[in-house]
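# Overview (structure and organization)
The chain contents come next:
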Amino acid sequence: MRKMKLSIVVLSLISPLVSCGNADNSVNSTQWKSYSGDPVIERKVDSVLNLMTLEEKIGQMNQYSGNFAVTGEVAETKAGEYLKKGMIGSTFNTFGADHIRMLQEQNLKYSRLKIPMLFAADVIHGLETTFPIPLAEACSWDLELMEQSARIAAEEATASGIAWNFAPMIDIARDPRWGRVMEGAGEDPYLGSLVARARVRGFQGIETYKDFSKINTMMATSKHFVGYGAVQAGRDYHSVDMSVRTLHETYLPPFKAAVDEGVTAFMTAFNDLNGVPCTGNKYLFKEILRDRWGFGGMVVTDYTAIQEMVAHGFARDLKHATELAIDAGIDMDMISEGFVTYLKELVEEGKVSEKQIDVAVSRILEMKFLLGLFDDPFKYCNAERQKEVVMNPEHLKAAREVAQRSIVLLENKNNVLPLKKNEPKRVALIGPFVKERESLTGEWAIKGDPDKSVTLMEGLEEKYKDSQVKFSYAKGTSLPVIDRTTQKVSTTRVPDRSGFSEAINLARTSDVILVAMGEKFHWSGEAASRTDITLPGNQRELLKELKKTGKPIILVLFNGRPLDLSWEAENVDAIVEAWYPGIMAGHAVADVLSGDYNPSAKLVMTFPRNVGQIPIFYNVKNTGRPFDEDNPADYRSSYIDCPNSPLYPFGYGLSYTSFEYDNAKISSKKLERGGILTVSVDVTNTGTMDGEEVVQLYIHDKVGSVVRPVKELKGFKKIHLKKGETKTVEFTIDEERLKMYNLDMEWVAEPGEFEAWIASSSADESNHLEFSLVE
Ligand code: BGC
């Protein structure tokens, strides 16, 4: 692990107080502890702070969306008015080196102290070179790859005026109804923490805080703090009610990991956590983030989240919400205008101290100093650099490689795939995604131009141009459209069956049917929760008709969440989960279909059999009546209408080759405190192609002072094996890997019996080992 020379104190995760409320247990909420710990920077911050009026300080805490100047002159808008008073500390949703230069010029021209503005953006999966959605990328289990894609996103963003990224989103998500699962790394806190670190490393691009002065480094944001992924019933923005144990075991670890990696900003979550909206939650921001984790960076609210505390029923009005937010330790107000409208008044009334404001402003100013904006406010505004960097061929090549590695092969009966170039075949290309372009980059493709994405059709034509494989196309059906006003699939634009017969006829005269289906891009992402996670519209109906032709069916899916594929899994021959692969979509999918790239990705989120199993994830606790296959009806924890098991488990994914695990070994049956055990397994590529395999280590603590999950991911290695090759894969287990929150919420490893599996997925239990931790 890389050492960061940052002032962040890596505190142990001891004793989370068994409360989630708003009691003020925090220490020193009016003392500023800088991020860098650099006395020179601290003095510079103080010197600027000393020059500022209260109003100007409050202005630094105000974040605006969009433009306040259009043609070089400040617009006659509220934003324009704020700007003239030096009262916009940061802006987001503005892009382009020249455009941002012009906005910064206006800021410097009008504001008294000429404090540079901080330009932010949601660069979630690439700027113009759009990478696969983050959920897909995480399926690569390739941390270096994710770091590289984040780095490229940052290179493009910093060349386009952006100094601060509102990413990574590191919410653990166990509910595929929630549309925002597409933005994160799935359901597991161990993997999620490593991905969080990789993405923070990639976006920020620093070794030490001093590197922020470079031209291509930027701030990253851990969001959304916290619990957003656990919104009730998967409905976006809904309430979150969870035990303190679950919060600490499952939802906080990626955030702690981001702090350890030196992340510079946190964003609040929209939801309430156990009754307290996160944006007014002192327990989260003061007690955990600042006091326990020693975070010295900035905290920004989510969009209008201060204002929303009124609707939550937590604040009487915006003024009250403002007081609650500043009291919870929030530094910057995104959009609500609570700070600019009420903070001064609150100080005059003695409800907020100027010292509290000084602390928040110091954090903001420190970031501006670290980024070098006081030396050069136009540091990120070099149009020449933008031209060179954005969408350069290297970036496009990387986007294709990352996409290949994010595609999960879910089914491949009778080895219907790969579709070899040298085998004569007539392929019927059917479905709304064959020529779909707009959706391929997925939600949050912030500046990705959908017109530049490569469609599946284009990718296949290019791949197979000199081959024996011949394609013909029929759309078959369309994607349905949601009418946001009625919350229903629009009745006027429901796909009809008029395209079915053409598609069926084409299928009949072909050797194989390649169907491309999925969800329109905005069916996942923010405010895109679903209660039915089957393929939208009549896509399954079309598949049923195609099935009747008796021809093999390859189904390629483009979607942003785990879907209910129970019918498809049984009835089609191959399923390729392509997610939203980004700008190089068509090429990457063709690489996989042809076997030029042998798929290696594995799921990071469980696929349920149907929506009724949700929430479903692998690291569950056992019950007193575990299901017994030999006695299925014996009052066991099960359903009467569906198995307990998911359709596709966490960690699952196929390859065109096969891997055998054998010879599982453990160096000793006893682990002493402070000692190390080694577990290993031989993995052999027994198939006919070279390939990559993600070898996973799961551990189960058999008896605890509190019940432990049936298994927890504790390690993984992605290896490459030539056909016929064997490699021994080894993991070490020490006390640290066995730690848990005991009954008193202490972070300890309890002595006793453990079992471990070295496995190809969370459901694979064939290589089982046992050991105990002894005093
Ligand atoms: C989202 C955030 C995002 C912000 C700014 C909000 O609606 O929840 O994740 O960073 O908008 O675009």
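Going by the structure above, here's the rest.
Quick caveat, the model's predicted, so the values are computed rather than measured. Throughout this document, residue positions are counted from 1 along each chain, in the order its sequence is written. With the structure being a predicted model, the display of local features is reserved for residues of pLDDT at least 70 and the display and counting of side-chain atom pairs for 80 or more, all residues being used for whole-chain, interface and lining totals. Side-chain measures were taken over the full set of non-hydrogen atoms in the model, leaving aside hydrogen atoms and water.

Attention now moves to the overall build of the protein chain. Along the protein chain, the regular secondary structure elements total 21 helices and 28 strands. Here the protein chain has a C-alpha radius of gyration of 27 Å; the compact-globule value for 775 residues is 28 Å, and the two agree. For the protein chain, the spread of C-alpha atoms along the principal axes amounts to about 75 × 70 × 45 Å. Among the 775 residues that make up the protein chain, the fraction classed as buried is 63%. Excluding contacts between residues fewer than 6 apart, the proportion of contacts in the protein chain whose partners are at least 24 apart in sequence is 79%. Put simply, the protein chain has 90 plus and 109 minus side-chain charges, and the middle of one group is 2 Å from the middle of the other. Every helix listed is a DSSP run of H or I at least four residues long, and every strand listed is a run of E at least two residues long, numbered separately from the N terminus. A radius of gyration in this sense is built from C-alpha atoms; the matching globule rule multiplies 2.2 Å by the number of residues raised to 0.38. For every residue, the accessible area obtained with a 1.4 Å probe (protein chains only) is divided by the maximum for its type, and the residue is called buried under 20%, exposed over 50%, and partly exposed between those limits. Two residues qualify as a contact provided that any one of their heavy atoms is within 4.5 Å of a heavy atom in the partner residue. In this tally Asp and Glu are treated as negative and Lys and Arg as positive; neither His nor the chain ends contributes. Here the site of a charge means atom NZ of a Lys, CZ of an Arg, CG of an Asp or CD of a Glu.

Bringing the pattern of salt bridges into the picture now. In the sections that follow, a salt bridge refers to a side-chain nitrogen of Lys or Arg positioned within 4 Å of a carboxyl oxygen of Asp or Glu. Going through the model one piece at a time under the given rule, you end up with 53 salt bridges. A salt bridge links K397 to E401, with the shortest nitrogen-to-oxygen separation between them at 3.8 Å. One end of the pair, K397, and the other, E401, are both in helix α16 (residues 393–406), 4 residues apart, so they sit about a helical turn from each other. Accessibility expressed as a relative area gives 28% for E401, which makes it partly exposed.

A few words on the packing of helix α1 (residues 39–51) against helix α14 (residues 354–370). The N-to-C vectors of α1 and α14 enclose an angle of 120 degrees; their axes lie 9 Å apart at closest approach. With respect to α14, the element α1 is oriented oblique. Regarding α1 and α14, the two cross each other, and that crossing is right-handed. Of the residues in α14, those touching α1 at I41, K44, V45, V48 and L49 are D358, V361, S362, L365, E366, F369 and L370. Only the stretch in contact is used when a helix axis is fitted, and all axes are lines through C-alpha atoms; the angle between N-to-C directions ranges over 0 to 180 degrees. An angle below 35 degrees is treated as roughly parallel, one above 145 as roughly antiparallel, one from 65 to 115 as roughly perpendicular, and anything else as oblique. For any pair of crossing helices, the crossing counts as left-handed if the nearer helix is rotated counterclockwise from the farther one by less than a right angle, and right-handed if it is rotated clockwise.

With that out of the way, let us pick up the site of the ligand. The cutoff for a nearby residue is simple: one of its non-hydrogen atoms must lie within 4 Å of the molecule or strand. In the vicinity of the ligand lie 13 residues, with D122, R180, H224, D302 and E526 positioned nearest. For the ligand, an oxygen atom lies 2.8 Å from a polar atom in the side chain of K223. All accessibility values rest on the Shrake-Rupley procedure with a 1.4 Å probe; residue burial counts only the protein chains present in the view. Contact with the protein chains covers 93% of the free accessible surface of the ligand, which is 310 Å². In the shell around the ligand, the residues fall into 7 nonpolar, 1 polar and 5 charged. Pairs of N or O atoms within 3.5 Å make up the polar contacts considered here, provided that, within protein, one atom can donate a hydrogen while the other can accept it, and that residues adjacent in sequence are counted only when both atoms are side-chain atoms. Under this grouping Gly is polar, as are all residues other than the nonpolar Ala, Val, Leu, Ile, Met, Phe, Trp, Tyr, Cys and Pro and the charged Asp, Glu, Lys and Arg.

The pairing criterion is simple: DSSP has to find at least two bridges between the two strands. Taken together, the 6 strands give an open sheet; going across it, the order is β11-β18-β17-β16-β12-β13, and neighbouring strands pair in mixed fashion. Looking at the sheet topology across the chains shown, the edges are occupied by β11 (408–412) and β13 (469–474). Recorded for the sheet is a direction-independent mean angle of 20 degrees between the axes of neighbouring strands. Bridge analysis of strand β16 (residues 512–518) against strand β17 (residues 553–558) gives 6 bridges, and the strand direction is parallel.

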